[in-house]
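What the coordinates show
The residues making up each chain are set out below.
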Amino acid sequence: MVGMKEHDTDLATRIVHHDYVPPAGFVAPQPGVYKASTVIFPNVAAMRSREWKDKSGYTYGLHGTPTTFILEERLCALEGGLQCVLVPSGLAAIANVALALLQPGDEVLIPDNAYGPGKDLANGELARFGITHGFYDPLDPADLAARITPATRLVWLEAPGSVSMEFPDLCEQVRICRAHGVTTALDNTWGAGLAFAPFDLTGDGSLGVDVSAHALTKYPSGGGDVLMGSVMTRDPGLHMKIKLTHMRLGLGVGANDAEFVLRALPSIGLRYRAHDEAARTLARWLQQQPAIVQVLHPALEGAPGHAHWKALCGARQVGAGQAAGLFSVMIDARYTQKQVDAFCDGLRLFKLGYSWGGPMSLVVPYNIASMRSRPPAHLKPGTLVRFSIGLEAVEDLRRDLQQALEHAFPAG
Ligand SMILES: *Cc1c(COP(=O)(O)O)cnc(C)c1O
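Now for a quick tour of the structure. (Residues numbered from 1 in each chain as written. Predicted model: local features only at pLDDT ≥ 70, side-chain atom pairs only at ≥ 80, totals over all residues. Heavy atoms only, no water.)

**Observations concerning the packing of aromatic side chains**
Basically, it comes down to this: Working definition: a ring pair exists when centres of Phe, Tyr or Trp rings (six-membered ring for Trp) sit within 6.5 Å. Plane angles under 30 degrees give stacked, over 60 give edge-to-face, the rest tilted. Numbered from the N terminus, helices here are DSSP runs of H or I no shorter than four residues, and strands are runs of E no shorter than two. Working definition: with a 1.4 Å probe on protein chains only, accessible area under 20% of the residue-type maximum means buried, over 50% means exposed, and in between means partly exposed.
In total, this model carries ten aromatic pairs according to the counting rule given. A centroid spacing of 5.7 Å and a plane angle of 70° characterise the contact between Phe167 and Trp190, whose relative ring orientation is edge-to-face. Here Phe167, found in the loop between strand S4 (152-158) and helix H7 (170-179), pairs with Trp190, found in the loop between strand S5 (183-187) and strand S6 (211-215); they are 23 residues apart in sequence, far enough to count as distant. Of the two residues examined, Phe167 and Trp190, each falls in the buried class. For the ring pair Tyr335 and Phe409, a centre distance of 4.5 Å and an interplane angle of 45° mean the geometry is tilted.

Okay, structure coming up:
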């Protein structure tokens, strides 16, 4: 209440204008959480001159606060980006990229095994604005190359596809797009900045994607309780296009959600490694079970794209920590959908639910045929079930799978 004596004002006014000085000399492991729609300027000149686009000043909550700026910086450290915007979900990250980089007459290419709602965005929204799309075979770089036309402005990449788990030759895909002058955007939710470096795929700084979109909802949150996404770049011009669209669409995130992600980030490496280790143990065990005809886990020998996974992620570190906690199985075609549903219903620790990256193991049965433009020859006939492995004791999860398998698919 600068310039006003306390007795001049009513209690209601004094509560709103209570002099608050941010704590000087207070340092703690966690950064402070700053909540604001309104940001106060000291004078009109500052209000007129302050710039939000380059983060040199704070102007409005939607344009960033100290809390969102620090989260953006930490995510850049994780994924190797230089600029980042935060959005309310992973899907909003995909939408932000599309709306920033595409215009009528342009075409976007999407891997046939891509995250489904991203395809729905192209079908249901982009198409209305005269932006066309096509689907390419994620395991055949020649197919991608053949589909690029002069109208192709953006190619989405996903390593691996988050339901059927094929791991593409990401380096070759990026090389093809570069040779055609097409922008690449990777859905990096699975890799999370830990399995491989999206902006430095070859480790010598010579090859990387242009844009990395990330559903922070998954591993960065780690709790199954936050929805958030990020769009990261290493090119100021590209970032500015994304940022301007971000601002015009009114995208932003809540300070408390940013706080949750900031709190969870220090343990992301430990969690990712634990999810990975448990998932590989269970995937290998499931390979031995008679009802399962195929295990789709990129780190397992014989899985679709395993060699590409090994080339990109295998060298980064020894042991677990390069393959997330997600995999799928094909249940033998001799079993009915009803039996597969009974298997999923019969699990006690694995809960039925979408998303992944949280502490609780999840299961979802998928109708893979309805999700693809062309039936993938590398998938054995059967019914696909996807598991997200949480942080429970692995032996408890294995026993749960065993009892549900025995009940749903009796031997003989
Ligand atoms: C979950 C997910 C998204 C979308 O994230 P939301 O925050 O749920 O919108 C995008 N891509 C992949 C690969 C995902 O797994």
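Picking up where we left off.
**So, the site of the ligand**
Stated precisely, the cut-off is as follows: Here a residue counts as near a molecule or strand whenever at least one of its heavy atoms sits within 4 Å of it. We call two N or O atoms a polar contact when they sit within 3.5 Å, provided that within protein one can donate a hydrogen and the other can accept it, with sequence-adjacent residues counted only if both atoms are side-chain atoms. The accessible surface values rely on the Shrake-Rupley method and a 1.4 Å probe; as for residues, cover is taken only from the protein chains in view.
Taken together, 13 residues are adjacent to the ligand, and Gly90, Leu91, Asp187, Thr217 and Lys218 come closest. Separating an oxygen atom of the ligand from a side-chain N or O atom of Trp356 is a distance of 3.2 Å. Protein burial of the ligand: of its 380 Å² of free accessible surface, 91% is covered by the chains.

**Notes on helix H8 (residues 236-248)**
The condition is simple: Here the expected length of a helix is defined as 1.5 Å per residue gap, with one fewer gap than residues. By definition in these notes, contact holds between two residues if any of their heavy atoms fall within 4.5 Å.
For H8, spanning 13 residues, the distance from its first C-alpha to its last is 18 Å, which sits close to the expected 18 Å at 1.5 Å a residue. Taken together, the buried positions of H8 are occupied by Leu238, His239, Ile242, Lys243, Leu244, Thr245 and His246. Next to the buried residues of H8 lie strand S1 (83-87), helix H4 (90-101), S5, S6 and strand S7 (229-233). The backbone nitrogen of Gly237 lies 3.0 Å from a side-chain oxygen of the residue at the head of H8, namely Asp235. In the segment just after H8, Gly250 is the residue with positive phi, at about 70°.

**Some remarks on the pattern of salt bridges**
Cut-off, in case you're wondering: Throughout this description, the term salt bridge denotes a Lys or Arg side-chain nitrogen within 4 Å of a carboxyl oxygen of Asp or Glu.
Applying the stated criterion across every chain yields a total of 13 salt bridges. Between Asp332 and Arg334 there is a salt bridge, and its shortest N-O distance comes to 3.2 Å. By relative accessible area, which is 17% here, Asp332 ends up buried. Residues participating in the shared-partner salt-bridge network are Asp112, Lys119, Glu166 and Arg372.

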